[in-house]
Amino acid sequence: MIVAQRKNIPDLLAIIKSHKKLLVLGCGTCVTVCLAGGQREVSIIASALRMSAKLKGLPLEVEELTIERQCDNVFLEQAADAIKRNDAVLSLGCGAGVQAIAERYTDKPVYAGLDTAFIGILEERGVWTEKCAACGACVLHEYGGICPVTRCAKHMLNGPCSGSREDRCEVNPERQCAWQLIYKRLKDIGQLDRLKKIKPPKNWNRSQSGGYRSIIREDHRV
Amino acid sequence: MAIKNAIEIKKRDPNANIYVLYRDVRTYGFRETYFKEAREAGVVFIRYTPEAAPVVSQNNGLVVTVNSPDLPEPISIEADNVVLSTGVETDRENNKRISDMLKVPLNADGFYVEAHMKLRPVDFTTEGIFLCGLAHSPKFIDENISQARAAAARAATVLSKTQLDVSAQVSYVDQQKCISCMTCVNSCPYSAPFCNKDGKGQIEAAKCMGCGICVSECPARAIQLHHFETDQFNVMIKQLFAGGNGEMFAGTSSNFEPKILAFCCHYCAYSSADLAGSMRIQYPPNVRIIRTPCTGRLETEYFMKALENGADGVLVAGCLEGGCHFVEGNLCAKRRVNYTREILEEIGIEKDRLRMVNVSAAMARPLADTIIDMVETVRKLGPSPIKQNSSLK
């Protein structure tokens, strides 16, 4: 799941202050699950913006709406009327959602209300952690299902480094050493021999080296 | 036990010298007469602290040395027999496991806590689970037996029924709106919500205690609590300040009178306000109370909406920490209040306009004092800056 968090209110106000009618648009998928951009957050941020604007003496009307998924035109269509009747859109979707709106509604300013952070999971109530860096060439099968690219601070494919202390990372002692976890996991599933093979440097071509990436499926094209 | 044995030995041999080294003498109730009888029979009681535990040495017969805080210097007792009285301790590790499994609370010593000491002495807050004996606290055998009987009788009230009535005040999930985030499953203190075969959240009504924590946590607002629905709260919050001047409030004099909205939980704060009334304890008329089943039912938006609609201050009054009737509803409320205070700071509104207080049902005076203090705090802060600016326009 994509994990994001809200920008603070003064920053948001500075972003939208030139507009009088604003649509705060939530997204009902990933950012709702990570408690950053669902119906509830839309309401809280809209309320905060209205109060903030009042304090600054800015005339601001805020409309609230949450759609199923901002990164899909079918759902964006449902927001068309609301987008039309407002001067600008503050999207509480991830970066993909914001850009989907910008592409579809060419004459309407759209702003990101969230900072999209990473692909991760809910670790415990209120705590999310990054698990995947979307590098484009997954190596998880080599490492017992624990990603050294994301979870090792040095992204080492042939770890561990000599800096870990017990099971702690030297870069941040509050974190567990990913390589300690990989070793334990491979031992538990009887695949320690995987570590005997030296891994060649990772091919980053499939990551962001050449600008944005796209996937083409001929069998689905029309 | 030590005292009972001491008395018996004294009866059989009045010349025996008996010393009881103790930390806590637990002769509560009428057992106090045993303590008195033992002292009258000549048993000597010497207190010690766990930091300076008595030392037993065996060089020239048994010698017990103890450094009592009640005596100026250590004393040694030559003994024929040293008898250990074992204390009752809990199996913390396993109790913790069972407590997590059944979602029933433990106290600081690792014993299980009943729903209410006087009103529901063998019930847990979770329906249908009962407790007795040493799980609850160290106690004497006669107490254990009567408590065990009580627990069995309570269990029989459930087992003897052919069907169970479910409370009317339970939460339910709108399956259309549910986005399967499982926040409800993670936040319920009673494990009432579960993931159904459609992959959506669903609430087992028989397990739901009606606190509304899940309602206020659900990010898609897909859950509602019967009788305490979001629309009801929103209308109440709006109407209290309708017209911009808050006609619902007393004191429309030209002087500034703070308008404060108090959310009171049904079990403690609301009862406490009620008690304040029957005890003729006065608090300022600046406060209007909205009753909530639990402060855990209060959504972050309510605090924002109240301030946006013209409240000069918002008071959230819940049970004492550790004393919530829904295990942790007041802690959820505390987190939401703190989060809202952060947002208020970002906006530039004094965060002291929103405050949380914890009172028990009997704390009418402290509640009244808090309200008085809140009114004075807000009076000093002045009218809500939101209102001032809106009246300018």
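Residues numbered from 1 in each chain as written. Chains lettered and ligands numbered in written order. Predicted model: local features only at pLDDT ≥ 70, side-chain atom pairs only at ≥ 80, totals over all residues. Heavy atoms only, no water.

Caption draft 1: Quick look at the overall build of chain B. Along its length, chain B carries 12 helices and 13 strands. Here the C-alpha atoms of chain B give a radius of gyration of 28 Å, more than 25% beyond the 21 Å that 2.2 N^0.38 yields for 393 residues. For chain B, the spread of C-alpha atoms along the three principal axes comes to 95 × 55 × 40 Å. Counting every position in chain B, which comprises 393 residues, the buried fraction comes to 42%. About 21500 Å² of surface is accessible on chain B, with carbon and sulfur atoms providing 52% of the total. Between the centroid of the 44 positive side chains of chain B and the centroid of its 45 negative side chains there is a distance of 5 Å. (Helix = DSSP H or I, 4+ residues; strand = E, 2+ residues; numbered from the N terminus. Rg over C-alpha atoms; globule rule 2.2 N^0.38 Å. Buried < 20%, exposed > 50% of the residue type's maximum accessible area, 1.4 Å probe, protein only. Areas by Shrake-Rupley, 256 points an atom, 1.4 Å probe, with all protein chains shown as cover. Lys, Arg positive; Asp, Glu negative; His and termini not counted. Charge placed at Lys NZ, Arg CZ, Asp CG, Glu CD.)

Caption draft 2: Spatial organisation of the interface of chain A and chain B. The interface is formed by 27 residues belonging to chain A together with 34 residues belonging to chain B. Among the salt bridges present, the one from B:E299 reaches A:R40, with a minimum N-O distance of 2.7 Å. For the pair chain A and chain B, the interface holds 15 residue pairs in polar contact (both at pLDDT 80 or more). Breaking the side of chain A that touches chain B down by element, the ones donating at least two residues are helix 1 (9-16), helix 2 (30-33) and helix 3 (39-56) of chain A. Considering every element that reaches the side of chain A that touches chain B, the biggest residue donor is helix 3 of chain A, with 13 residues. Partitioned by chemical class, the residues of the side of chain A that touches chain B number 10 nonpolar, 10 polar and 7 charged. (Contact = heavy atoms within 4.5 Å. Salt bridge = Lys/Arg side-chain N within 4 Å of Asp/Glu carboxyl O. Polar contact = N/O pair within 3.5 Å; in protein donor to acceptor, adjacent residues only side chain to side chain. Nonpolar A, V, L, I, M, F, W, Y, C, P; charged D, E, K, R; others polar.)

Caption draft 3: Region of interest: the sheet that holds strand 1 (residues 2-6) of chain A. All names here are of chain A. Spatially, 3 strands are ordered 1-6-7 in an open sheet, and the strand pairing comes out antiparallel. Unpaired on one side and paired on the other, strand 1 and strand 7 (127-132) mark the two borders of the sheet. Sheet twist, expressed as the mean angle between neighbouring strand axes with direction ignored, is 70°. In this structure, strand 6 (residues 114-124) lies alongside strand 7, joined through 5 bridges in antiparallel fashion. Across the sheet, residue E124 finds its bridge partner in strand 7, namely V127. (Pairing = 2+ DSSP bridges. Axes fitted to C-alpha atoms, helices over the stretch in contact; angles between N-to-C directions.)

Caption draft 4: Expanded view of the packing of aromatic side chains. Counted according to the given criterion, the structure contains 10 aromatic pairs over all chains. An aromatic cluster of at least three residues, connected via ring pairs, comprises B:F228, B:F233, B:F263, B:Y302 and B:F303. Taking the ring centre of A:W204 as reference, the NZ or CZ of A:K202 above it sits at 5.5 Å. Over the ring of B:Y270 we find B:R291; its NZ or CZ atom is 5.7 Å from the centre of that ring. (Phe/Tyr/Trp six-rings, centres within 6.5 Å; stacked < 30°, edge-to-face > 60°. Lys NZ or Arg CZ within 6 Å of the ring centre and 35° of its normal.)

Caption draft 5: Expanded view of the packing of helix 7 (residues 230-240) of chain B against helix 9 (residues 300-309) of chain B. Residues and elements named next belong to chain B. Where helix 7 meets helix 9, the axes come as close as 9 Å, and the angle between the chain directions of the two elements is 25°. Accordingly, the angle class assigned to the pair helix 7 and helix 9 is roughly parallel. Relative to helix 9, helix 7 is oriented so that their crossing is right-handed. Listed contacts from helix 9 to T230, F233, N234, I237 and K238 of helix 7 are Y302, K305, A306 and N309. Taken together, the residues of the contact of helix 7 with helix 9 break down into 4 nonpolar, 3 polar and 2 charged. (Parallel < 35°, antiparallel > 145°, perpendicular 65-115°, else oblique. Left-handed = near helix turned anticlockwise from the far one by under 90°.)

Caption draft 6: The nonpolar core, seen in detail. Ranked by internal contacts, the top residues of the largest apolar core, which has 75 residues, are A:V24, A:L49, B:F263, B:V314 and B:V316. In terms of residue count, the dominant contributor to this core is helix 3 of chain A (8 residues). Apart from residues lying up to four places away in sequence, B:V316 is in contact with B:F263, B:T295, B:L298, B:F303, B:V337, B:L354, B:R355, B:M356 and B:V357. (Core = buried A, V, L, I, M, F, W, Y, C linked by side-chain atoms within 4.5 Å.)

Caption draft 7: Local environment of helix 8 (residues 178-188) of chain A. Residues and elements named next belong to chain A. The complete set of buried residues in helix 8 reads A178, W179, I182 and L186. Each buried residue of helix 8 lies within a common arc of 95° when the element is viewed along its axis, so the set occupies one face. In helix 8, the exposed positions angled more than 90 degrees off the buried face are occupied by K187 and D188. Buried residues along helix 8 sit in contact with helix 7 (148-151). Among the residues trailing helix 8, G190 stands out with phi positive, at a value near 70°. (Arc of directions from axis to C-beta.)

Purely geometric stuff here, so don't read any function into it on its own.
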